[in-house]
Amino acid sequence: MAMEREEMHADRGASRRDCRERTMVRWKKRIETAETGSWTRIVIPDLNAWCYRRYGLVDFHLTQMLSGHGCFGEYLQKRKRRDDPGCVDCGAASDDANNVFFRCDRWSRKRRSLEGVIGREFDPKTVVGAMLTGSKDWDAVQSFVNIMQQKREDEERDRQRAEAARQN
Ligand SMILES: [Zn+2]
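Fair warning: this is a prediction, and the values are worked out from it, not measured in the lab. (Residues numbered from 1 in each chain as written. Predicted model: local features only at pLDDT ≥ 70, side-chain atom pairs only at ≥ 80, totals over all residues.)

Draft legend 1. Layout of the overall build of the chain. Within the chain one finds ten helices and zero strands. Ordered by position in the sequence, the α and β elements of the chain form the string α-α-α-α-α-α-α-α-α-α. Across the 168 residues in the chain, those meeting the buried criterion constitute 27%. (Helix = DSSP H or I, 4+ residues; strand = E, 2+ residues; numbered from the N terminus. Buried ≥ 20, exposed ≤ 12 C-beta atoms within 10 Å, placed from the backbone.)

Draft legend 2. The nonpolar core, seen in detail. Ala 97, Leu 114, Val 127, Met 131, Val 141, Phe 144 and Val 145 are the most contacted members of the largest nonpolar core, which has 27 residues in total. Element by element, the count of residues in this core is highest for helix α10 (residues 135-167), at six residues. Aside from chain neighbours lying at most four places away, what touches Ala 97 is Trp 39, Gln 64, Met 65, Gly 68 and Phe 72. (Core = buried A, V, L, I, M, F, W, Y, C linked by C-beta atoms within 7 Å. Contact = placed C-beta atoms within 7 Å.)

Draft legend 3. Quick peek at the packing of helix α8 (residues 108-118) against α10. At their nearest, the axes of α8 and α10 sit 9 Å apart, and the two run at 170° to each other. Taken together, α8 and α10 sit at an angle that is classed as roughly antiparallel. Facing Lys 110, Leu 114, Val 117 and Ile 118 of α8, the residues of α10 in contact are Asp 137, Ala 140, Val 141, Phe 144 and Met 148. (Axes fitted to C-alpha atoms, helices over the stretch in contact; angles between N-to-C directions. Parallel < 35°, antiparallel > 145°, perpendicular 65-115°, else oblique.)

Draft legend 4. Representation of helix α5 (residues 60-67). Residues of α5 that are buried: His 61, Gln 64, Met 65, Leu 66 and Ser 67. On the buried face of α5, the contacting elements are α3 (37-43), α7 (97-103) and α10. Positive backbone phi, approximately 80°, marks Gly 68, located one or two places after α5.

Draft legend 5. Unusual backbone geometry, seen in detail. For Lys 80, which is not glycine, the phi dihedral falls at a positive 60°. Of note, Lys 80 is situated in the loop between α6 (73-78) and α7. Given 7 C-beta atoms within a 10 Å radius, Lys 80 is considered exposed.

Draft legend 6. The arrangement of the confidence of the model for the chain in detail. Looking at the chain, pLDDT values average 86 and 84% of them are 70 or higher. Considering each helix and strand of the chain separately, the mean pLDDT is smallest for helix α1 (residues 2-13), with a value of 46, and largest for α8, with 97. Considering only residues more than four positions removed or in separate chains, one finds that residues 6-14, a stretch of pLDDT under 50, has five contacts. (pLDDT = per-residue confidence, 0-100.)

Laid out in structure tokens, this is it:
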């Protein structure tokens, strides 16, 4: 996540082309080596099309969706911030980016309405293709991701506070 933020800042100073090439090299490296690189490979099957898009800033929550690093049970458990990797909403054994954005029952209504806007099934293999169809589709996906992930983060913070209060 830090890497992506760094790139967004770098964007302002460096020339566009330069920045994109650097970004692409970094993404490639990350996808090839990162522990959740296999997830990123699924959601970004065409790195070239991704890096050379003409619009679309990758914000904090979108980075979480694309990297699989963020407010997800599995990720939090690995970092010892939670005991249980499961989803508190639907009970899935593993709460990861795939569960949260694409499977979890809690968000199925919002997901259906997003599918209405982008005119296709919302799926890990096709989500970025949809975002690259046009900036309206990009914005629709981004807003879906922002709304639900923000809510989940708020709730996670409350849970951790309640947990800390219980232990004191
Ligand atoms: Zn769930």
